[in-house]
Amino acid sequence: MAEVTEVDVVVVGMGPGGEDAAGRLAEAGLEVVAVEAGLVGGECPYYGCVPSKMMIRAADALAEARRVPGLAGEAEVRPDWKPVAERLRETTADWDDRAAVERFTGKGGTLVRGFGRLTGPREVTVGERVLRARRGVVLNPGTEPLVPPVEGLEGTPFWTNREAVKATEAPESLVVLGGGAIGVEMAQAFARFGCRVTVLEGRSRLIAVEEPEAGELVGEVFAREGIGVHTGEKATRVGYDGRFTVEFGGRSFEAERLLVATGRRTDLAKLGVGRIGLDESARTIPVDERMRAADGVWAIGDVTGHGAFTHVSMYQAAIAVRDILGQDGPPADYRALPRVTFTDPEIGAVGLTEAQAVEKGLEVRTAYTPLSSSTRGWIHRGEGFVKLVAAGDELVGATTAGPAGGEVMSALAVAIHGRVPVSSLSHMIYAYPTFHRAIEEALRDLK
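To start, this report covers the structure provided alongside it. On a predicted model such as this, the values are computed, not experimentally measured, just so you know.

**A look at the sheet that holds strand 20 (residues 364-370)**
Two modes of strand pairing occur in sheets, parallel and antiparallel, and in both the strands are linked by backbone hydrogen bonds.
Link 1 in the chain: With antiparallel pairing, the five strands of this open sheet are ordered in space as 18-19-22-21-20. At either end of the open sheet lies a strand with only one pairing partner, and these are strand 18 (338-341) and strand 20. Put simply, the sheet's adjacent strands are angled 10 degrees from each other on average, direction ignored.
Link 2 in the chain: In terms of strand pairing, strand 18 meets strand 19 (residues 346-351) through four bridges, oriented antiparallel. Residue pairing across strands places Val340 opposite Gly348, the latter belonging to strand 19.
Link 3 in the chain: Packing against the sheet, helix 8 (residues 212-224) makes contact with strand 19, strand 20, strand 21 (385-391) and strand 22 (394-402), and its axis sits at approximately 170 degrees to strand 21.
Link 4 in the chain: Helix 15 (residues 438-445) rests against strand 20 and strand 21 of the sheet, and its axis sits at about 135 degrees to strand 20.

What follows is the structure in structure tokens.
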């Protein structure tokens, strides 16, 4: 017979947003049970944001050393993956979540290990245990790597981002299936450690969700760094005989390893959302501005479709917690949603792309200026650009590519969030010489 437990709140999924929400609610004095089948903390600290950026930091150090000739003398670079692997293992505690669990239980929460599924209104079942929530359920199921149905792929020892960050050595060669953010970041990181890398992307350009100029820039840099890029076709077959062979666009690409980076998904049917009246075949769970998905159910994170980013999940967690506790606070506002692709050059973006703004029917003005228009960009020999998208006297989107592109973007994120008029931005004082001074040049060209 099933064991039934009544609590105030059940949190399903302890990724960054779920962990934050569960901890806040427990600290507020509620009886909280969190359900997690994997690692407490989710993808970000163990396989995503943190480990991948550590790999990228190491790869960028190699690239910077290779820039010494022509700037400061001579330098010899000998890549070694071993310190990278050791640092990743140390940072993730060898992929052990004990510290995260203790952080949550120390706030008064209870953790239940296992896969939680909705089995009724405000009811979650984990194995033979039924959890009933007096106040409600918070869904933070996260996403799993999406593996495409390519003939021959299933059953082969391909990598996703999870296996890639656990690599004890850089492979001799790598095919990356997918040219989105994860694909291009890992492609460049491994290439800088001496790996022969080829990226295969089904869409017409790399990082296709961002401005075309961003994908073109990354493609040009990849070409110079010896990273092969092929776009606009589909992988039709994968073979494996100790090495991988990928058929793509009528050509065959061979490598020691295959990294599949073709997106992520949540199995809503497995989660049981049909039991609360939601569409199990949908890709995402629709939520209102307070993160409400149904009566007594809140959803946060990747599953809401507002961006698979830790910062979005944490932002939504705070809104859901306020709603559950009956506290005042602003509703969700995604106008200034920031995102960064951590390639070199780094691609920062916020708000709408030009295409998205046009699709919304806005009367759009744009400006594009190369980073070299700023003295700092010229001094640095940094590649990149600033692109602005405006409607009326208001910025609705921006992209900043270059060294620290994500940091430069933050100034424009504040401008968009605060609805600072373009006319006001045009009369600001921009520090000299900085990368962000290119924003001033772009504003002058806004047409």
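Structure shown, so let's carry the discussion forward.
**Description of the nonpolar core**
Link 1 in the chain: Ranked by internal contacts, the top residues of the largest apolar core, which has 90 residues, are Val10, Val32, Leu139, Phe190, Val197 and Ile285.
Link 2 in the chain: Sort the elements by how many residues they give to this core and helix 7 (residues 181-191) lands first, with six residues.
Link 3 in the chain: Excluding its chain neighbours within four sequence positions, the residues that come into contact with Leu139 are Val12, Leu118, Leu271, Ile285, Val297, Trp298, Ala299 and Ile300.
Link 4 in the chain: In this structure, Val350, Val422, Ala442 and Leu443 belong to the second largest nonpolar core, which totals 24 residues.

**A look at the state of the cysteines**
Link 1 in the chain: Under the counting rule described, the total for this entry stands at one disulfide.
Link 2 in the chain: Across the disulfide from Cys44 sits Cys49; the S-S distance is 2.4 Å. Because the torsion about its S-S bond is -135 degrees, the bridge between Cys44 and Cys49 counts as left-handed.
Link 3 in the chain: Its relative accessible area of 12% is what places Cys44 among the buried residues.
Link 4 in the chain: With a relative accessible area of 29%, Cys49 lands in the partly exposed category.

**Considerations on the sheet that holds strand 10 (residues 228-231)**
Link 1 in the chain: Taken together, the four strands give an open sheet; going across it, the order is 10-9-8-14, and neighbouring strands pair in parallel fashion. On the outer flanks of this sheet lie strand 10 and strand 14 (257-260), each paired with one strand and no other. Here the average twist between neighbouring strands, direction ignored, is 15 degrees.

**Some words on the packing of aromatic side chains**
Link 1 in the chain: Inspection of every chain in the model, using the stated rule, returns seven aromatic pairs.
Link 2 in the chain: For the ring pair Tyr315 and Tyr334, a centre distance of 6.2 Å and an interplane angle of 70 degrees mean the geometry is edge-to-face. Here Tyr315 is found in helix 10 (residues 310-325), whereas its partner Tyr334 is found in the loop between helix 10 and strand 18, with 19 residues between them in sequence.
Link 3 in the chain: Each residue in the set Trp81, Trp159, Phe190 and Phe193 is aromatic and connected to the rest through ring pairs, giving one cluster.
Link 4 in the chain: Here the basic side chain of Lys166 rests over the ring of Trp95, its NZ or CZ set 5.1 Å away from the ring centre.
Link 5 in the chain: Its end group placed over the ring of Phe435, Arg376 keeps NZ or CZ at 4.4 Å from the ring centre.

**Let's talk about unusual backbone geometry**
Link 1 in the chain: In this model, Asp344 is joined to Pro345 through a cis peptide bond whose omega is 5 degrees.
Link 2 in the chain: Among the secondary structure elements, Pro345 is positioned in the loop between strand 18 and strand 19.
Link 3 in the chain: The omega torsion across Tyr432 and Pro433 is -10 degrees, close enough to zero to call that bond cis.
Link 4 in the chain: You can see Pro433 is positioned in the loop between helix 14 (422-425) and helix 15.

**Notes on helix 1 (residues 16-27)**
Link 1 in the chain: A rise of 1.5 Å per residue sets the reference length of helix 1, with its 12 residues, at 16 Å; its end C-alpha atoms lie 16 Å apart and thus fit the reference within 8%.
Link 2 in the chain: Within helix 1, 10 of the 12 residues are buried, leaving the element largely enclosed by the surrounding structure.
Link 3 in the chain: Contacts made by the buried residues of helix 1 are with strand 1 (3-12), strand 2 (32-36), helix 2 (43-46), helix 5 (98-105) and helix 10.
Link 4 in the chain: Gly29, located one to two residues past helix 1, shows a positive phi value of around 100 degrees.

**Observations concerning the pairing of strand 8 (residues 173-177)**
Link 1 in the chain: Counting buried residues along strand 8, five of its five residues qualify, which places the element largely inside the surrounding structure.
Link 2 in the chain: Residues Ser173, Val175 and Leu177 point to one face of strand 8 and Leu174 and Val176 to the other, with burial holding for every one of them.
Link 3 in the chain: Of the strand pairs in this sheet, strand 8 and strand 9 (residues 196-201) are connected by five bridges, and their pairing is parallel. By the bridge assignment, Leu174 is partnered in strand 9 with Val197.
Link 4 in the chain: Summarising the sheet, strand 8 and strand 14 pair through four bridges and their orientation is parallel. Across the sheet, the residue bridging to Leu177 is Val260, located in strand 14.

Rules and cut-offs
- Residues numbered from 1 in each chain as written.
- Predicted model: local features only at pLDDT ≥ 70, side-chain atom pairs only at ≥ 80, totals over all residues.
- Heavy atoms only, no water.
- Pairing = 2+ DSSP bridges.
- Helix = DSSP H or I, 4+ residues; strand = E, 2+ residues; numbered from the N terminus.
- Axes fitted to C-alpha atoms, helices over the stretch in contact; angles between N-to-C directions.
- Contact = heavy atoms within 4.5 Å.
- Core = buried A, V, L, I, M, F, W, Y, C linked by side-chain atoms within 4.5 Å.
- Buried < 20%, exposed > 50% of the residue type's maximum accessible area, 1.4 Å probe, protein only.
- Disulfide = S-S within 2.5 Å.
- Phe/Tyr/Trp six-rings, centres within 6.5 Å; stacked < 30°, edge-to-face > 60°.
- Lys NZ or Arg CZ within 6 Å of the ring centre and 35° of its normal.
- Expected span 1.5 Å × (residues − 1).

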